Structure formats: structure tokens, C-alpha cells
Amino acid sequence: MLTYLTAGESHGKGIAALVDGFPAGVTLDAEFIARELQRRQSGYGRGGRQAIETDAAEILTGVLHGVSMGSPILLWVKNRDYKLESMPELTRPRPGHADLTGALKYGVGIRPILERSSARETAGRVAAGALAQLLLREFGIEVVGYVERVGAVDLAPEAATLAFTPTEQRRLRDSSELFSLRPDADDAAKGAIDAAKESGDTLGGVVVTRVYNAPFGLGTHAQWSRKLDGKLAQAVAAIQAFKGVEIGAGFELASLPGSRAHDEILWDEARVRTRSLGFVRPTNRAGGVEGGMSNSEPIVVRGAMKPIPTLRKPLRSIDLETKEAVEASFERSDACAISAASVVMENVVAFEIAAALVEKFGGDSVREIRERIELFEETIRNRFA
Ligand code: EPS
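Residues numbered from 1 in each chain as written. Predicted model: local features only at pLDDT ≥ 70, side-chain atom pairs only at ≥ 80, totals over all residues. Heavy atoms only, no water.

Colleague: It is not clear to me how the overall build of the protein chain should be interpreted in this structure. Could you clarify?
Modeller: Summing up its helical and strand segments, the protein chain has 11 helices and 17 strands in all. Relative to the compact-globule value of 21 Å for 385 residues, the protein chain shows a C-alpha radius of gyration of 22 Å, a close match. Taking the principal axes of the C-alpha coordinates as reference, the protein chain spans close to 75 × 50 × 40 Å. For the protein chain, with 385 residues in total, the buried portion stands at 50%. (Helix = DSSP H or I, 4+ residues; strand = E, 2+ residues; numbered from the N terminus. Rg over C-alpha atoms; globule rule 2.2 N^0.38 Å. Buried < 20%, exposed > 50% of the residue type's maximum accessible area, 1.4 Å probe, protein only.)

Colleague: I keep staring at the pattern of salt bridges and nothing clicks. Help me out?
Modeller: Oppositely charged side chains can form a pair if their charged atoms are brought close together. Applying the stated rule across the entire model yields 30 salt bridges. Two residues, Asp 81 and Lys 83, come together in a salt bridge whose shortest N-O distance is 3.4 Å. Counted as one network, the salt bridges with shared partners bring together Arg 40, Arg 49, Glu 53, Asp 55, Asp 81, Lys 83, Arg 120 and Arg 332. (Salt bridge = Lys/Arg side-chain N within 4 Å of Asp/Glu carboxyl O.)

Colleague: What should I look at first to understand the pairing of strand β2 (residues 14-20) in this one?
Modeller: On any regular strand, side chains alternate: one points to one face of the sheet, the next to the other face. Counting buried positions over the seven residues of β2 gives five, a clear majority of the element. Two strands pair when backbone bridges link them, and strand β1 (residues 3-8) and β2 are joined in this way by six bridges, in the antiparallel orientation. Bridge pairing links Ala 7 to Ala 16 in β2. The hairpin formed by β1 and β2 contains five residues between the paired strands. (Pairing = 2+ DSSP bridges.)

Colleague: Sorry if this is basic, but what is going on with the packing of helix α1 (residues 30-41) against helix α10 (residues 338-361) here?
Modeller: Packed helices, taken two at a time, are described by the angle between their axes plus the distance between the axes. Where α1 meets α10, the closest approach of the two axes is 7 Å, and the angle between their N-to-C directions is 145 degrees. Listed contacts from α10 to Glu 36, Arg 39 and Arg 40 of α1 are Ala 340, Val 343, Val 344, Glu 346 and Asn 347. Classifying every residue of the contact of α1 with α10 by side-chain character gives three nonpolar, one polar and four charged. (Axes fitted to C-alpha atoms, helices over the stretch in contact; angles between N-to-C directions. Contact = heavy atoms within 4.5 Å. Nonpolar A, V, L, I, M, F, W, Y, C, P; charged D, E, K, R; others polar.)

Colleague: What's the story with the environment of Val 236 in this structure? I'm lost.
Modeller: Relative to the assigned elements, Val 236 resides in helix α8 (residues 228-237). Counting along the chain gives 142 residues from Val 236 to Glu 378, while the straight-line C-alpha distance between them is 33 Å. Setting aside anything within four residues of it in sequence, one finds Val 236 in contact with Phe 242, Val 245, Val 301, Gly 303, Met 345 and Val 349.

Colleague: How should the nonpolar core be read in this particular structure?
Modeller: Where a protein is soluble and globular, its nonpolar side chains tend to be buried together. Val 19, Val 150 and Ile 353 are the most contacted members of the largest nonpolar core, which has 75 residues in total. With 16 residues, α10 is the single largest residue contributor to this core. Ignoring any residue separated from it by four or fewer positions in sequence, one finds Ile 353 in contact with Leu 136, Ile 141, Val 211, Leu 218, Leu 228, Leu 232 and Ile 299. (Core = buried A, V, L, I, M, F, W, Y, C linked by side-chain atoms within 4.5 Å.)

Colleague: Looking at this structure, how should I read α10?
Modeller: Given 3.6 residues per helical turn, the α-helix brings residues three or four places apart onto the same face. The terminal C-alpha atoms of α10, which comprises 24 residues, lie 34 Å apart, in line with the 34 Å expected from a rise of 1.5 Å per residue. Counting buried positions along α10 gives 22 out of 24 residues, so the element sits mostly inside the fold. Just downstream of α10 lies Gly 362, where phi reads positive at about 90 degrees. (Expected span 1.5 Å × (residues − 1).)

Colleague: Sorry, what's going on with the site of the ligand here?
Modeller: Neighbouring residues of the ligand: His 11, Arg 40, Arg 46, Arg 49, Gln 50, Arg 94, His 97, Ser 118, Ala 119, Arg 120, Arg 332 and Asp 334. One nitrogen or oxygen atom from the side chain of Arg 49 is found 2.6 Å from an oxygen atom belonging to the ligand. In this structure, Arg 120 approaches the ligand through a side-chain N or O atom, which is 2.9 Å from an oxygen atom. Compared with its free state, where it exposes 460 Å², the ligand has 92% of that area covered by protein. (Near = heavy atom within 4 Å. Polar contact = N/O pair within 3.5 Å; in protein donor to acceptor, adjacent residues only side chain to side chain. Areas by Shrake-Rupley, 256 points an atom, 1.4 Å probe, with all protein chains shown as cover.)

Colleague: Help me understand the confidence of the model for the protein chain in this model?
Modeller: Chain-level statistics for the protein chain give a pLDDT mean of 97 and a share of 100% at 70 or above. Within the protein chain, helix α2 (residues 49-52) has the poorest average pLDDT of any element, 90, and strand β14 (residues 293-294) the best, 99. (pLDDT = per-residue confidence, 0-100.)

Colleague: What is the right way to look at helix α6 (residues 166-174) in this model?
Modeller: Among the residues of α6, Pro 166, Gln 169, Arg 170 and Arg 173 are the ones counted as buried. Relative to the axis of α6, the buried residues are bounded by an arc of 100 degrees and lie together on one face. Each element contacted by the buried residues of α6 is listed here: α1, α5 (122-137), β7 (142-150), β9 (205-212) and α10. (Arc of directions from axis to C-beta.)

Quick look at the structure:
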């Protein structure tokens, strides 16, 4: 089983991610992990904290001569802004944050709650997910995440863009300050972020992750807890500030008749040697998952992020000590972190795909997984092609 947990506080010494069950034989491209961490720190609308931090993951265990050994990997992202012991206690919970319920539930102040619930923790998830992306690349599986909406500004890519290769999509996305696939339309979204910032407000948005070249059969129909769509939904809904998850055409499918909601199955002899094994679809409304299993089409996951609840012009709250009506507390924050959220989602999705791959094909070494994927696909070809 490939799993990970994170530890660490926003202004503590750093953020750790412990990855267990990572196969042996993966060359750990530290530069790729560093790039993902740096991407998470950027994007238009980020606040002052990112000027302080230059995130990089130190790989403390599980690696010999730059190659994974099959033992647990401990990643460490140091906080430059370490000052936890001197941070003041707060008494005015922010609506929309973990402050109130966390303080009541744990019987502590707001400070310990916000330090752990802070989105700073996503540095650990990105480090673990970047590691998972390196594993997926060994088998030609590629993951691309991008921003599709900022507040009310639509940045959905043109249909032709989605036919680009993952590398081309990434290049286009990286040319956008917002990490959208519509750099030509970014200005409207940047204007909306500027306006929100100006008025002490914040903006959310919608992000998408697409997984290319995943084989048939990740996840299973046989048990609810092992369905791939269920795993993806949990990973995405568990990102700070995410309030919605959609697989494929998702909510739109609810209002379509069945005749227009599904993806017909065709046979294409010429594609027997591709991941589709010859079973091709003219559409991908299912987003690459049917019956809780990957069906070799691109896996498409969409996530909705609410606006960050830390507002410079705060909402009404109460003082926990006096019960007086007050304004919620404000600490330095981001006006919009949707670009960062696209990096986080890309990497948590990558981790779930890697975990499902290890579950299906075994997880001791890259070589073993490669042989088993080949055997699985060859067996299907022999039977059906
Ligand atoms: C966050 C508040 C801000 C954000 C932080 C999430 O941090 P600070 O209070 O230090 O200014 O910048 O996100 C990060 C530090 C990060 O690296 O993503 C919050 O309250 O959730």
C-alpha cells in the first residue's frame, strides 16, 4: 500500500511528509519536486508569506544514490518563518475557517488550530505528490493541473487545447501567471483579483486535473472503499478550502438524458498497442472512470475552491472570551490562491493514481510493476484482440 501522512504547523519548524510503500528503483529527480513546490508558492494573488519562503524538500530517508530503496521516504520542507512560540493567541474566530470548531473540539485556543489547518500544510502534500508523479512517469502516466475559473471569470480551455500532448499543455499553462490554459484571457481574471484585494476581499475558483495514459483497471467496482472515483473525491475534498469535486462531466450529467450522457464503445484495431488496447471512446463524459475503475481514457477531476476566509475587511464574529460582537481576526493572507490550489490538486490526484497503481500491480519495485502492467495488457490483447 502506498500511503502518506503530513505533519507540521504553518509557523513551526517545517512541514514533513512521510511516504510509505513507495517502490524501489525510482530515480528521485529532486529538481522536479523543487519545481512543483515553487509552483505552489507562485501564481497571481499570493500574499506576503511567499516572499519569505523558498520551499524545497529535503529527502531525509529512503533514498540511496538518488534512487528510492523501497523503504519509507521522509520529506522535510523547512519554514523560514518559524516563530510559533512567539505567535499571539487569538480570540476572534474567522467564519469559514477551522478556528471556532477546532478550538471548541480540542479545548485549546485558536492558535494551535489555525497553525495546523493552514494551507501551508499543502507543501507536504505537494512534495509527496511530486514523488508520486516521478513514479507515474516511469510508466508513461502524466498528470496536468490547471486553473479553469477565477471567481466569476471563466478560463476554460478551448477544445483544441485539450487535444495537445501533456507536455504542450504544461508549456502553455506555465506561460500563464494564473496557471490557466487560456493565458490570452488571464488579464480579466487578474483584474478581478486586483479588485478583490483592493476592497479587502478574496476570490476562489475552479481547478482541473487531467491524468493521461493510465491503464485500465485502477480501483475496483467490488468494494465502495476501493473505488477510484471515491478515492479521488476524498483527496480533493480534503484540500483546504475545497467545497466541491466533480469527476468528468459530473453535475452536468444529472440533467442530460442517458442517450447523451455516456461514452460509446468502439473498436479500433490500429490502437491495440496503445493504453486503450483498441477499446476507444468518441467522448469522455465519464472522466476516465466507470464502475470505480479507470477505463484508459484521460481521468478528469474538477475541484471548487471557496474564497479564502481570512479577510482584510473581516466578517462578523464574536470574542470567545467576552462573547462580544467583534470583527473576525485578520492575519496576513492571500487575496487568491487558486493557482497554488491547482498545483496542490494536481499532486494529490497524482498520489491517489500512484496508490491505485501500486494496489493493482504490486509495489516492491518499478521493474516489477512494469512487467506486471505489460503482462496484464498482453493477457487482455491475447484474449480479445
Ligand atoms: C494561511 C495564511 C498565510 C498563507 C498560508 C495559509 O500564511 P501566513 O499567516 O504566514 O501569512 O500564506 O499559506 C502558506 C504559508 C503557504 O505556504 O501556502 C492560512 O491561514 O491558511
